[in-house]
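# Per-entry structural report
If you want the building blocks of each chain, they are given just below.
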Number of protein chains: 2
Amino acid sequence: MEKIQPRSLYLEVADRVRDLIEQGSLLPGEKIAEKELCESFGVSRTPLREALKVLTSEGLVENLPNRGSRVVRLTRQGVKNTYDVMGALEGLSGELACQHLSDEDVEQIRALHQRMLNHYRNGELAPYFEVNQQIHERILAASNNDVLIEMYNNLSQRVKRIRYSVEMGQANWAKAVADHEAMLEAIDARDGKRLGDILRAHLGHKLEVATVSGIIDEE
Amino acid sequence: MEKIQPRSLYLEVADRVRDLIEQGSLLPGEKIAEKELCESFGVSRTPLREALKVLTSEGLVENLPNRGSRVVRLTRQGVKNTYDVMGALEGLSGELACQHLSDEDVEQIRALHQRMLNHYRNGELAPYFEVNQQIHERILAASNNDVLIEMYNNLSQRVKRIRYSVEMGQANWAKAVADHEAMLEAIDARDGKRLGDILRAHLGHKLEVATVSGIIDEE
DNA sequence: TATTTGAATAATGAATTCATAATACCGAAA
DNA sequence: TTTCGGTATTATGAATTCATTATTCAAATA
């Protein structure tokens, strides 16, 4: 039997605003007009303001007293900082995952890995990224550490709105794939230490940062 | 000329509630009566409710729709999960710190280290912990990564309300001190990789977890 | 013409009010 | 006595209202 989950309005609103930010309907640095959003959502200002406060503590929005809320600007340094932390968390996810991964889990990851390799060989970048991310998510989930998952998802959300210029140097791409091969070996051996080291050094993200497009502020 | 910093009321309230939780005036699992708190703070329900939503997204409070807010319960597993993530973050802080630590920074850390050793030799546990924490904070600050600092502080806040039974096995204590000696060597050599590894394995916290007292829920 | 001052307007912050859901209470029936 | 049902009470959720602070824009001054 499935539980009925009543959800608060402010959470719903927060989700919607998060989506707007992620999809670029609300741009970094843009002022968030409460009245406007309220009308488009069909709610009063109270739940919207509550949602904005949540998003503020999530790092997506900033709150200037008496001057309303804005979408936080991304700086190159800020994005790098975020990816550095995500890397550390991925490293931990690898270590922990090896303690929990069942044989079936590993088989599923291996299947994903093969699909990823196919996309790589065919030069299909978008599908490659898609499957790539699924692999990392599997490992994260297998960490069985909900605090870790929560932190990672928060950071992930902050940089989701970045759209990468879809160009990855052939060498970098090959390196990333090689990393994944090594990851699979470590997983097979349930060698958490090694998987963690690989993931920490994987830098899949950092590579991308270098090629970030528009919405990041310079200076 | 110093800038005037207007602070929102809800942030003030959030700080106060955080303190109440940290000091144990609000116990894990305890229902948070809005009316009561409002009166004691002298504010209306609106800023309090906003503050509670912030604390919810910080992981200190949970929100049951239509049934109000409670202080989240700490479970052994939850605390372990938190410390695991904190360990990973500390590891990263060590790696990054080595890229930024000035000679003066190192000297200050060395001084703290010596004070810590004195407390160790005198068997003064509380002062030892105090200085110990200052060292870790210095390293964290030297990471120059505000995202990392923010995440760490959040997690730290979640477990701050735990009061440890002040007993640490002599062997564990000696091990912790030895770790710190190694840390200082790595810092001197600006060997980020090594410092990171030491910090990740330091487990200073995990040792404590085993001896946690009252407010953690079993099961 | 550029800059500053002040009034009008709009937006935000916080308290209050209203609606709704949960809890407590009490009596009746098994 | 215990359990069920129904009402009264209370607390929460959300909208609304009120107060205060920013912003805009026009007029006045340099």
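Reading the values: rules and limits
Residues numbered from 1 in each chain as written. Chains lettered and ligands numbered in written order. Predicted model: local features only at pLDDT ≥ 70, side-chain atom pairs only at ≥ 80, totals over all residues. Heavy atoms only, no water. Least-squares fit on C-alpha atoms with pLDDT ≥ 70 in both. 1 Å grid on protein atoms, 1.4 Å probe; cavity = no way out; pocket = protein on both sides within 12 Å on 5 of 7 lines; lining within 4 Å. Points joined across faces, edges and corners; volume = space filled by probe spheres on them. Helix = DSSP H or I, 4+ residues; strand = E, 2+ residues; numbered from the N terminus. Nonpolar A, V, L, I, M, F, W, Y, C, P; charged D, E, K, R; others polar. Phe/Tyr/Trp six-rings, centres within 6.5 Å; stacked < 30°, edge-to-face > 60°. Lys NZ or Arg CZ within 6 Å of the ring centre and 35° of its normal. Near = heavy atom within 4 Å. Polar contact = N/O pair within 3.5 Å; in protein donor to acceptor, adjacent residues only side chain to side chain. Contact = heavy atoms within 4.5 Å.

With that out of the way, let us pick up the relation of the copies chain A and chain B. Each copy of the sequence occupies a distinct position, and chain A is placed on chain B by a rotation of 180° and an axial shift of 0.0 Å, giving an RMSD of 0.1 Å. The relationship between the two copies is best expressed as a two-fold rotation axis.

We now examine empty space enclosed by the protein. All names here are of chain A. Counted under the stated rule, the structure contains one cavity of 30 Å³ or more. Every residue along the wall of the largest cavity is listed here: Ile109, His113, Ile135, His180, Met183, Leu184 and Ile187. Every element with two or more residues in the lining of the largest cavity is listed here: helix H5 (103-121) and helix H8 (170-188). The element best represented in the lining of the largest cavity is H8, accounting for four residues. Taken together, the residues of the lining of the largest cavity sort by class into five nonpolar, two polar and no charged.

So, about the packing of aromatic side chains. Inspection of the entire model under this criterion finds six aromatic pairs over all chains. A connected cluster of aromatic rings, assembled from ring pairs, spans Tyr120, Tyr128, Phe129 and Trp173 of chain A. We note Lys53 of chain A situated over the ring of Tyr10 of chain B; from NZ or CZ to the ring centre the distance is 4.9 Å.

Neighbouring DNA strand C are 16 residues; Lys31 and Arg49 of chain A together with Leu9, Ser44 and Thr46 of chain B lie closest to it. Of all DNA strand C atoms lying within 4 Å of any protein atom, the proportion belonging to sugar or phosphate reaches 69%. For DNA strand C, a phosphate oxygen lies 2.8 Å from a polar atom in the side chain of Lys31 of chain A. Residue Leu9 of chain B places a main-chain N or O atom 3.3 Å away from a phosphate oxygen belonging to DNA strand C. Residue assignment for the surface near DNA strand C shows that the elements contributing at least two residues are strand E1 (31-32) and helix H3 (45-57) of chain A together with helix H3 (45-58) of chain B. The residue makeup of the surface near DNA strand C, split by class, is six nonpolar, five polar and five charged.

Here we take up the protein's contact with DNA strand D. By nearness alone, 17 residues border DNA strand D, and Leu9, Ser44 and Thr46 of chain A together with Lys31 and Arg49 of chain B come closest of all. A breakdown of the atoms of DNA strand D within 4 Å of the protein gives sugar and phosphate a share of 70%. Between DNA strand D and the protein, one listed contact pairs a phosphate oxygen with a backbone N or O atom of Leu9 of chain A at 3.3 Å. Side-chain polar atom of Asn66 of chain A to a sugar or linking oxygen of DNA strand D: 3.5 Å apart, as the coordinates give it. Classifying every residue of the surface near DNA strand D by side-chain character gives six nonpolar, five polar and six charged.

The next thing to look at is the side chain of Arg158 of chain B. Locating Arg158 of chain B in the fold gives a position in helix H7 (residues 146-159). From its side chain, Arg158 of chain B meets the backbone oxygen of Glu58 of chain B in a polar contact 3.1 Å long. Ignoring anything within four residues of it in the chain, the contact list for Arg158 of chain B reads Val147, Glu150 and Met151 of chain A together with Glu58, Gly59, Leu60 and Leu74 of chain B.

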